[in-house]
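Descriptive analysis of the structure
Below, each chain spelled out in residue letters.
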Amino acid sequence: MSTCPRCKGHLTESHKCPKRPAIVAAEITASALAGGFIGLLLLAIFDPTEQITGVDLILVVAAGAMACVGINRATRG
Ligand SMILES: [Zn+2]
């Protein structure tokens, strides 16, 4: 049984290196930032006069961030 040069795990045919926590955290952060940005973009499109309140703005950004993180976690495991 050979070992993986990167993670030292058993190198089976279906081997996948476990992701480092720092990389996972970076991916989640990047997804959250992207999601928040998309939320702001959608706001600019659907609410060009910026009638939205501060609380709603936070909700939109948070929802976008959570959606993107969720998609990222679902697609990449
Ligand atoms: Zn590996």
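Below: a short report on this structure. (Residues numbered from 1 in each chain as written. Predicted model: local features only at pLDDT ≥ 70, side-chain atom pairs only at ≥ 80, totals over all residues.)

**Quick notes on unusual backbone geometry**
Selection rule: Helix and strand assignments follow DSSP, with helices taken as H or I runs no shorter than four residues and strands as E runs no shorter than two, numbered in order from the N terminus. Labels follow a simple rule on C-beta atoms placed from the backbone: if 20 or more others lie within 10 Å of a residue's own, it is buried; if 12 or fewer, it is exposed; otherwise it is partly exposed.
At Lys 8, a residue that is not glycine, the phi angle is positive and equals roughly 65 degrees. Assignment of secondary structure puts Lys 8 in the segment before helix H1 (21-46). C-beta crowding within 10 Å serves as the criterion here: with 9 such atoms nearby, Lys 8 is assigned to the exposed category.

**Comments concerning helix H2 (residues 54-76)**
To keep things clear, this is the line we draw: In this analysis, the expected span of each helix is defined as 1.5 Å times one less than the number of residues it contains. Here, residues touch in the contact sense if the C-beta positions derived from the backbone fall within 7 Å of one another.
In this model, H2 (23 residues) spans 33 Å end to end at C-alpha, consistent with the 33 Å of a helix rising 1.5 Å per residue. Among all positions of H2, only Gly 64, Ala 65 and Cys 68 are buried. Looking at the buried positions of H2, the neighbouring elements they touch are H1.

**Some points on H1**
Here H1 spans 37 Å end to end across 26 residues, near enough to the 38 Å set by a 1.5 Å rise per residue. Restricting attention to buried positions, one finds in H1 the residues Ser 31, Gly 35 and Gly 39. Residues of H1 that are buried make contact with H2.

**Comments concerning the packing of H1 against H2**
Put simply, the rule reads: Between the N-to-C directions of two axes lies an angle of 0 to 180 degrees, each axis being a line fitted to C-alpha atoms and, for a helix, fitted only over the stretch in contact. Here is the rule for angles: anything less than 35 degrees is roughly parallel, anything more than 145 is roughly antiparallel, 65 through 115 is roughly perpendicular, and the remaining ranges are oblique. The sense of a crossing depends on the near helix, which, turned anticlockwise from the far helix by less than a right angle, makes the crossing left-handed and, turned clockwise, makes it right-handed. Under this grouping Gly is polar, as are all residues other than the nonpolar Ala, Val, Leu, Ile, Met, Phe, Trp, Tyr, Cys and Pro and the charged Asp, Glu, Lys and Arg.
H2 packs onto H1 with a crossing angle of 135 degrees between their chain directions and a minimal axis gap of 7 Å. Considering their axes alone, H1 and H2 lie oblique with respect to each other. Pair H1 / H2 crosses with right-handed handedness. Residue-level inspection shows Glu 27, Ile 28, Ser 31, Ala 32, Ala 34, Gly 35, Gly 36, Ile 38, Gly 39, Leu 40 and Leu 43 of H1 in contact with H2, the latter providing Val 60, Val 61, Ala 63, Gly 64, Ala 65, Met 66, Ala 67, Cys 68, Val 69 and Asn 72. Residue composition of the contact of H1 with H2, grouped by class: 14 nonpolar, 6 polar and 1 charged.

That's the geometry; what it means functionally is another story.
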